[in-house]
Every structure is written in structure tokens, then in C-alpha cells.
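Structural overview
Below are the chains, spelled out letter by letter.
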Amino acid sequence: MDRQWICIRGRKLLTTEFIHILDSYRCSFALRMRDAQVCKQYNAMICVLQELTSDYMEGKNHIGDQLSDFFKRCHMELPSERKLPEALEELFEQMEFKLNIDFTEILDWCVLCTNEAYTHMQKAQQQEEQRILLIKSLMEENKLNENNDKKPENQIRKLLLLQQAKIKSNQYKMDKNEINITRAWCDLLVSSIFSEEISYGLMLRLVENEILTESEITKLLEDKYNIEKDYEWYSEDFFGSGLDEPTDIRIEDVLKLCTGRIEKAIGTKI
């Protein structure tokens, strides 16, 4: 099931564009011509549609009774159709009925934005496929697939040789983000040789380069190490310490979380 898409009145829409257009319509001429109460109700009602669309994108399939208070606060009623994404069409029409406004314009606008966004998505996908093929070619040309030893020392060597091949290639454009991610992964692998935990400085770099998120570190601290602190609060414990100060976060836990996204960023498994 592709949760990027929903269908309302026969129009196939990208979920992200639907959420965005509902927001953008707040500033539309048609809505600004209405009185302040209508605009206020519209702002509340779209919260329901946006929240449920997000829920669907995240894997939820049903609207439960526990949301009844939320619906009331937003001037909406629970739909008779509780299945997502089908319920979104009923709720969209409920919003039209309650505000006495035909919102076909929103759907038509969303179709245009969806078509434009989808074109960009296809182009980005084609570029990514070409990038992966070029990386595969560089790996073969430099014989980086011959040794599949997973020791950190060998992985570091392959990473650095691949980075060197990318930089030398006239066809490959290696941006600063990819360079930073490669360096951070090398540092993570080096650390794994001498330590079981990441350092404070490496933790900061992993977050800065979006290899790990603050919320993921907070979850690790709470679930794995029984430390009831969020990322920012935990970071304060290291103020005044050196960047090489060890944290409580184990390297093996970090690798489980981020290896896949790092491999995607550099374009290959190491």
C-alpha cells in the first residue's frame, strides 16, 4: 500500500501536497472574503484533515472513538466511515457542508501541485538511480568489491577509497553533506575499534549531519540506558568537558539505527 497517495472525488493527490494546500488556502481570496468566524472554523477543521492524513502516512488505518473530543474542539463530527484514507473524503465534504463553501478549488489546486511534485519526484528518482549506477561502476573500477571483510579497518579503507574515487571522477558530484557523512561514519568505525561508546563530540556530529535525530537519541537514553533525559538536557551534562568525553550511548546501538541511512547517503553497502 502506497501511503503517499489519497483519492478524493476521483482526484489522486499526494498526501504531502494535500496537507500543504489546506494550509495555503487560509490566505486565499475566497476565504478572506468570509467573516472571521468562518476563517477560525476553517483553521480548526483542517487540523482534523491534516492530522488524519499524517496518521495515514504513518501507518494508521482507522479513526477511533477516542478522537471524539478532538473532533468536537475542531467543530467536526466523527465520520460514519472510520477507515483511512476513505474517511478523508467524507470529512472534506463535512467541512464544506458546515462552512457552506464549495472547496472544489482546493482539490483542483492540489491536483496541479501534485502533478508538479510528482514530476520532480520522478526526476529525483532517475538522478538517484544514475548516481547508484555510477557508484557501482566506481566500486568495480577500483576493485572495492573484492574484499567483503566486515572488520572496521577494512570498512574504513573502502569508504576512504570510494570517497577518493568519487572526488576524482568527472561524472560524480560529491556534495559537502556526503563528505561529512562519510567522515562521520569513518570516525564511528574508528571509535568502535577502541571503545564501546561514542564520544560527546561524535554524538554532536551525528546529530548535526542528520545521521541521528535528537528524538532518536532521547529514545535510546530512555529505553536502553534508563536515563530520563531528552537530548538537550543530556548534552548539558557535558558542558565544560572535552569533545572526546565518552557518553552512555553504545556504538552498536548507533550502528543499528543509522547504518541503513548512511549507506543510502553514500550510495552503496560497505
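Above this note sits the structure.
Residues numbered from 1 in each chain as written. Predicted model: local features only at pLDDT ≥ 70, side-chain atom pairs only at ≥ 80, totals over all residues. Heavy atoms only, no water.

1. Let's talk about helix α6 (residues 104-141)
We apply this condition: Counting from the N terminus, the helices are DSSP H or I runs at least four residues long and the strands are E runs at least two residues long. Here the expected length of a helix is defined as 1.5 Å per residue gap, with one fewer gap than residues. Each residue is assigned to one of three classes by its accessible area relative to the maximum for its type, calculated with a 1.4 Å probe on protein chains only: buried under 20%, partly exposed between the two thresholds, exposed over 50%.
Its 38 residues place the ends of α6 55 Å apart at the C-alpha level, agreeing with the 56 Å of an ideal helix rising 1.5 Å per residue. Inspection of α6 places Ile 106, Leu 107, Cys 110, Cys 113, Thr 114, Ala 117, Arg 131, Leu 134, Ile 135, Leu 138 and Met 139 among the buried residues, and these make up the whole buried set. Immediately downstream of α6, the backbone of Lys 143 shows phi near 55°, a positive value.

2. Examining helix α10 (residues 214-223)
Side chains that are three or four residues apart share a direction in an α-helix, a result of its 3.6 residues per turn. For clarity, the threshold we go by: Throughout, a residue-residue contact means that at least one pair of heavy atoms, one from each residue, lies within 4.5 Å.
Within the sequence span of α10, burial applies to Glu 216, Ile 217, Thr 218, Leu 220 and Leu 221. On its buried side, α10 packs onto α9 (200-208), α11 (231-236), β4 (246-250) and α12 (251-266).

3. Topic: a nonpolar patch on the surface
What counts, and what does not: Residues with no salt bridge and a relative accessible area higher than 30% make up the patches, which join like charges within 9 Å and nonpolar side chains (Val, Leu, Ile, Met, Phe, Trp, Tyr) within 5 Å. Working definition of accessibility: Shrake-Rupley area with a 1.4 Å probe, residue cover restricted to the visible protein chains. The salt bridge definition used is simple: a Lys or Arg side-chain nitrogen within 4 Å of an Asp or Glu carboxyl oxygen.
Judged by side-chain polarity, Val 190, Ile 193 and Phe 194 come together as a nonpolar surface patch covering roughly 300 Å² of accessible area. By the secondary structure assignment, Phe 194 is in helix α8 (residues 176-194).

4. What to know about the pairing of strand β2 (residues 11-14)
We apply this condition: Two strands make a pair as long as DSSP finds a minimum of two bridges between them.
Bridge analysis of strand β1 (residues 5-8) against β2 gives four bridges, and the strand direction is antiparallel. What sits directly across from Cys 7, in β2, is Lys 12. Remark: two residues form the turn of the hairpin made by β1 and β2, two consecutive strands paired antiparallel; Arg 9 in that turn has positive phi of roughly 55°.

5. Quick look at the packing of aromatic side chains
Quick note on the threshold: By convention, a stacked pair of Phe, Tyr or Trp rings (six-membered ring in the case of Trp) has centres within 6.5 Å and planes under 30 degrees apart, an edge-to-face pair has planes over 60 apart, and any other such pair is tilted. Any Lys NZ or Arg CZ that is within 6 Å of a ring centre and within 35 degrees of that ring's normal is treated as a charge sitting over the ring.
Here the structure, examined in full by the defined rule, presents nine aromatic pairs. Pairing Tyr 25 with Tyr 42 gives two aromatic rings, centres 6.1 Å apart and planes at 55°, and the pair type is tilted. Here Tyr 25, found in the loop between α1 (15-24) and α2 (29-32), pairs with Tyr 42, found in helix α3 (residues 36-57); they are 17 residues apart in sequence, far enough to count as distant. No difference in accessibility class separates Tyr 25 from Tyr 42, as the two residues are buried. Feature note: the residues Phe 18, Tyr 25, Tyr 42, Phe 92 and Phe 103 constitute an aromatic cluster, connected by ring pairs. Residue placement shows Lys 12 over the ring face of Trp 5; its charged tip is 4.9 Å from the ring centre.

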